[in-house]
Amino acid sequence: MKSRIDPWEVKEVKNYKKLMKEFGVNSFSQYAKKLKNAPLEIKRELVIGHKDFNKIYDCIEMKKEFAVLTGLMPSGVFHFGHMSVINQVIYYQKLGAKIYLLAADLEANLTRNIPLEEAKKIAIEEYLTNYIALGLSKKNLKFYFQTEGPKNNEKEYMNLSKLASAKTTFNEIKDIYGDINPQKLISALTQVADIIYPQLEGTKTTLTPIGFDQLNHSNLARDIASRMNFSLPCFTFHKLVPGLQGANTKMSSSKPETYIALTDSKKEVEAKIKKYAFSGGQPSLKEHKEKGGNPDVDVSYIYLKTFFEPNDNKLKKIYDDYKSGKLLTSELKEITIEKINSFLKTHQIKREKAKKVINKYLQD
Ligand code: TRP
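Residues numbered from 1 in each chain as written. Predicted model: local features only at pLDDT ≥ 70, side-chain atom pairs only at ≥ 80, totals over all residues. Heavy atoms only, no water.

Peer 1: Please give an account of the site of the ligand that cites residues and values.
Peer 2: The ligand sits among 14 residues. The nearest are Gly71, Glu107, Gln191, Asp194 and Gln214. Take Gln191: an N or O atom from its side chain is 2.8 Å from a nitrogen atom of the ligand. At 2.7 Å from a nitrogen atom of the ligand is found a side-chain nitrogen or oxygen belonging to Asp194. Considered on its own, the ligand offers 370 Å² of accessible surface; in the complex 91% of this is hidden by protein. Secondary-structure elements contributing two or more residues to the shell around the ligand are strand E3 (67–72), helix H10 (182–200) and strand E6 (206–211). Residue composition of the shell around the ligand, grouped by class: six nonpolar, six polar and two charged. (Near = heavy atom within 4 Å. Polar contact = N/O pair within 3.5 Å; in protein donor to acceptor, adjacent residues only side chain to side chain. Areas by Shrake-Rupley, 256 points an atom, 1.4 Å probe, with all protein chains shown as cover. Helix = DSSP H or I, 4+ residues; strand = E, 2+ residues; numbered from the N terminus. Nonpolar A, V, L, I, M, F, W, Y, C, P; charged D, E, K, R; others polar.)

Dropping the structure here:
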């Protein structure tokens with residue numbers, strides 16, 4: 001049976017390989033190896049798929065202009081699940097890409113019933129503040145809201161989503177999204193316009209890094225772009241950062257027991273990892289020592305691998321020791337708690353500094 005992903009409801013993704021095959025997504029692994037100084041999300045293969053990334057790679061190699069565009073739906077607290085996309089954006093920004101970052105306040109309102117003013121507040125206080133603290137620079141950056149559009153080009157942006165509607169049919173929409181309501185349809189067309197927009201400013205080669213939950217939008221954006229005689233936008237796809245409940249689950253802003261937020265306290269991190277982080281260990285100490293654990297499904301290990309242990313040798317030792325049973329679940333959790341808390345301590349100081357400069361990011 002053909003897989004179907006509902007971008008607004010997806011709770012887990014079980015089989016990425018199958019999805020990639022069905023949706024014509026190519027493997028990113030050659031680029032994960034070739035890209036220099038890439039963030040762990042890329043190096044350690046959280047980003048596993050792409051469409052036309054070869055075009056972006058050429059731009060990087062030949063120092064040609066390209067733009068990176070992505071969006072965030074401001075629906076609640078900022079957690080690890082949101083960190084992977086911004087670390088990639090910051091990486092491309094350092095490589096010289098023009099950055100377009102938009103806050104999908106319209107989508108949050110239409111699909112999540114969040115009042116527009118609140119969506120804006122969340123976008124600034126949660127998302128943008130953390131982005132700056134994580135290293136997003138003001139250089140080559142345009143940050144804007146879906147309800148306002150990019151400065152000096154508001155009309156063109158607003159019209160784009162409406163004009164895009166002429167280039168699709170209800171049958172196509174139903175085929176891609178299944179059962180869809182008017183709010184979701186408007187959100188999808190707005191997202192298509194978001195993705196095409198940098199081309200109106202003259203940058204023909206664009207990359208949109210997104211999670212697999214956004215797969216449908218990438219297909220619609222590419223179909224509509226070609227029918228409107230734009231270049232085909234390029235994409236990379238990252239796996240969903242696992243929620244605390246297991247490797248195939250998702251962090252959900254409305255359920256604190258599923259996520260670690262970038263504003264969580266030391267105590268909260270410790271309690272959440274100890275209580276909730278799914279373990280690949282054996283049920284008893286004796287069994288664990290005999291049979292060993294399974295790091296590949298262990299959420300604490302996955303966080304270390306994707307975000308917090310940049311040293312390959314150290315990571316490998318943890319992997320091997322856990323697998324052989326030498327390293328216990330409680331010990332692995334201690335390592336992860338320590339790493340997360342040391343990251344958050346510095347990050348939370350940076351957040352306070354970010355608050356002081358945030359207005360500069362909003363002005364132009
Ligand atoms: N739909 C995205 C989300 O749920 C947000 C978004 C809006 C977006 N426009 C976009 C993402 C354009 C990438 C590109 O998070």
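After that view of the structure, there is still more to cover.
Peer 1: Explain the state of the cysteines residue by residue, including any values.
Peer 2: Throughout the structure, instances matching the rule amount to zero disulfides. Left without a disulfide partner, Cys59 is nearest to the cysteine sulfur of Cys234, which lies 8.0 Å away. (Disulfide = S-S within 2.5 Å.)

Peer 1: How would you explain unusual backbone geometry if you had to name every residue and give the values?
Peer 2: Positive phi values are uncommon outside glycine, yet Asn152 reaches one of about 75 degrees. The topology assignment puts Asn152 in the loop between strand E5 (141–145) and helix H8 (154–164). Positive phi, close to 60 degrees, is recorded for Asn229, a residue that is not glycine. Here Asn229 lies in the loop between helix H11 (215–227) and strand E7 (234–238). For Asn229, a relative accessible area of 71% corresponds to the exposed category. (Buried < 20%, exposed > 50% of the residue type's maximum accessible area, 1.4 Å probe, protein only.)

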